[in-house]
Amino acid sequence: MEWLSAETVLGTLGIVATVAVLAYDRLRPGRRRIGYRVQMDTAIGADTRPGRAGARLGLFGDDRELTDATLVLLRIENDGVKDISRADYEVPLCAVFTGRRVLGVAVTDPSPPGLMERLTPENGLRYEGGRVHVPHVPLNTGDHFKLLVLLTGGGLNGDVRLEGTVNEGRIRPNRQYRGPRVLYLGLAAFLILITGIGTGMQLEGPPPPLECATGELTVLGSTAFAPVLEEVGRAYEEDCEGARITLAAEGSLGGIRRLDSLGRAAKDGAPPAVALSDGPAPDGYPRLRAHPVAVTVFAVVVNERTGVRDISTADLRRLYSGEVRNWREVGGADLPVSLVSRDSESGTRSAFQRRVLDGFEPGVSSGDCRRRDDPRARVLRCERGDTRQVLETVRRVPGAIGYAELRAATGTGGVTLLRLDGTAPDTGAIGPDRRQSGRDGREATGKPYPYWEVEYAHTYTQPPADSLTSKFLDYLGGGTAQNILRTHGLLPCAAPVNQALCHRG
């Protein structure tokens, strides 16, 4: 047979050898891996026992605590092939220095620098005895940080180890060496040589992503987040043959309730369902596990005939309390105020009440959003079931005001996106560090924009690592999903630069 030539066999063996080395070195026995190594272990005290003479001169006094002091630099890194999130730590990391006692610890050389915000005493960095406890720090592949630890007692080069448990992974000592790299280069050169000889081989397309699993998964919850998850679901189905993602958007709280009901009814306690919510789940659902996915920005919108483009938070609260009933009282047209709100199942509404109103909206007083059905009500307020209905009602009713997810609101004609306290809704305007200008090109000169929220994916308990639920959550943190999130104007929580904002939310 012509295809069974010496060149073809050699080329195939080269590919198999390369894959085998990579699999052995990086995948066994789990895809997540934290490596650690001691980069320095040196005496800095005045103890002059054998092997310690001349350790230091004139650096410290002769305090008894420092006579046998040592300084250790411990490097901790994600040297596996899969990112590690906070939820992946089943048992948190703990650096153990056998026979020595920790006097102090400092974090140094974090990469990326944003890791420093996670490695603080407020987040759980602490030490006791011979142990340094490390917070649940998210580590993307290649991320690392170092612990500079001052110790007393014991000798040099004592036992130093990193303990903990990572879901679907392991923690192991590593070291810098060139053997595998040289082998990889040699194998690559070998393959290039064989290709030059002309094997004529054609390789199949790329294998499916590691996040793939088969079966059916129902995505519940947020209507504001529904268009994004619909696109992510289609992408997952295209990448992972045999998977089916069904979207059932019914509001954040409705999705939470349904997931909890499905979980309590499931025999194994882990239904194939995920609930998306704008903001955290309310109290009363102890078995739900929250996984931050992205930061989304919302907008307060008004009918363009109001003539209002900017409003203070104080005046906005006066509108919703009924103190202001006509737009001319806040510099707008002579039109009565009509409040168009979401129903009580909505996470968009919960975020608006929590972050903007700092209180609750008044009761419903109108069915058509034009006439007050209850003459005793101070304000005219109606409710609509989803984002699209709110925007359509605000567009049709002169004097109407409502709220919606920013991207959806931006594409709606007939409505104006309000600046709050001088700041336009924009991802660069949220949080304490506002680096960008507003969407209209004007520099944001007011306060940080307040109306934003973290989108969470909730599961009922921790799903099995090989389940479609777990794999889909992993996919949400991968490159394809992150690109989709960014396209929709969201900030992915899996990106290191956004993690502090996600966990502060």
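Residues numbered from 1 in each chain as written. Predicted model: local features only at pLDDT ≥ 70, side-chain atom pairs only at ≥ 80, totals over all residues. Heavy atoms only, no water.

Let us look at the packing of aromatic side chains. Enumeration over the complete set of coordinates arrives at seven aromatic pairs. Measuring from ring centre to ring centre gives 5.5 Å for Tyr236 and Phe472, while their planes differ by 80 degrees; the resulting arrangement is edge-to-face. Placement of Tyr236 in helix α3 (residues 226-239) and of Phe472 in helix α9 (residues 468-476) is noted, with a sequence separation of 236 residues between them. Following the ring pairs from residue to residue traces out a cluster consisting of Phe298, Tyr320, Phe352, Tyr403 and Tyr451. (Phe/Tyr/Trp six-rings, centres within 6.5 Å; stacked < 30°, edge-to-face > 60°. Helix = DSSP H or I, 4+ residues; strand = E, 2+ residues; numbered from the N terminus.)

This part covers the pattern of salt bridges. Close approach of charged atoms lets side chains of opposite charge pair. The final tally for this structure, using the stated rule, is 31 salt bridges. With a closest N to O distance of 3.2 Å, Asp88 and Arg32 form a salt bridge. Here Asp88 is found in the loop between β2 (70-78) and β3 (89-97), whereas its partner Arg32 is found in strand β1 (residues 32-43), with 56 residues between them in sequence. Here the two residues Asp88 and Arg32 agree in accessibility, since each one is buried. With a shortest N-O distance of 2.6 Å, Arg395 and Glu392 are connected by a salt bridge. Of this pair, Arg395 and Glu392 both sit in helix α7 (residues 387-396), three residues apart, which is roughly one turn of the helix. Looking at Glu392, the relative accessible area reads 31%, which means it is partly exposed. Among the charged side chains, a salt-bridge network with shared partners connects Arg32, Lys82, Asp88, Glu211 and Asp474. (Salt bridge = Lys/Arg side-chain N within 4 Å of Asp/Glu carboxyl O. Buried < 20%, exposed > 50% of the residue type's maximum accessible area, 1.4 Å probe, protein only.)

With that out of the way, let us pick up helix α6 (residues 347-357). Within α6, eight of the 11 residues are buried, which leaves it mostly tucked inside the rest of the structure. Buried within α6 are the following residues: Gly347, Thr348, Arg349, Ala351, Phe352, Gln353, Val356 and Leu357. The backbone nitrogen of Thr348 lies 3.1 Å from a side-chain oxygen of the residue at the head of α6, namely Ser346. One or two steps after α6, the chain reaches Asp358, where phi turns positive at roughly 55 degrees. (Polar contact = N/O pair within 3.5 Å; in protein donor to acceptor, adjacent residues only side chain to side chain.)

Time to look at the state of the cysteines. Covalently bonding the sulfur atom of one cysteine to the sulfur atom of another cysteine gives a disulfide. The final tally for this structure, using the stated rule, is three disulfides. The disulfide partner of Cys493 is Cys502, and the gap between their sulfur atoms is 2.0 Å. Every disulfide takes its handedness from the sign of the S-S torsion; for Cys493 and Cys502 that torsion is -95 degrees, giving left-handed. When sorted by exposure, Cys493 lands in the same class as Cys502, which is buried. Across the chain, the disulfide pattern expressed with sequentially numbered bonded cysteines is 1-2, 3-4, 5-6. (Disulfide = S-S within 2.5 Å.)

Across the interface, helix α5 (residues 313-321) lies against α6 with an axial gap of 11 Å and an inter-helix angle of 130 degrees. One way to sum up the angle between α5 and α6 is to call them oblique. From α5, Thr313, Leu316, Arg317 and Tyr320 reach across to α6, where they touch Phe352, Val356 and Leu357. Residues belonging to the contact of α5 with α6 are distributed by class as follows: five nonpolar, one polar and one charged. (Axes fitted to C-alpha atoms, helices over the stretch in contact; angles between N-to-C directions. Parallel < 35°, antiparallel > 145°, perpendicular 65-115°, else oblique. Contact = heavy atoms within 4.5 Å. Nonpolar A, V, L, I, M, F, W, Y, C, P; charged D, E, K, R; others polar.)

If a residue is not glycine, its phi is most likely negative; likewise, a peptide bond is most likely trans. A cis geometry characterises the amide bond from Ser111 onward to Pro112, with omega recorded as 5 degrees. Even without being glycine, Asp358 reaches a positive phi, approximately 55 degrees. Topologically, Asp358 is positioned in the loop between α6 and β16 (380-384). Taking the relative accessible area as the measure of exposure, Asp358 reaches 62% and is therefore exposed.

Here we take up the nonpolar core. Residues Leu316, Leu319, Tyr320, Trp327, Phe352, Ile401 and Tyr451 are the most contacted members of the largest nonpolar core, which totals 51 residues. Considering each element in turn, this core owes the most residues, seven residues, to strand β13 (residues 288-303). Not counting residues up to four positions away in its chain, the partners in contact with Trp327 are Val302, Thr306, Val308, Leu319, Gly332, Ala333, Leu335, Pro336, Val337, Gly399 and Ile401. (Core = buried A, V, L, I, M, F, W, Y, C linked by side-chain atoms within 4.5 Å.)

Direction vectors running N to C along α3 and helix α10 (residues 479-487) enclose 155 degrees, while the axes themselves pass 10 Å from each other. Looking at the two axes, α3 sits roughly antiparallel to α10. α10 is crossed by α3, and the crossing has right-handed handedness. Between α3, through Val228, Glu231, Val232, Ala235 and Asp239, and α10, the contact on the second element is made entirely by Thr480, Ala481, Ile484 and Leu485. Split into classes, the residues belonging to the contact of α3 with α10 amount to six nonpolar, one polar and two charged. (Left-handed = near helix turned anticlockwise from the far one by under 90°.)

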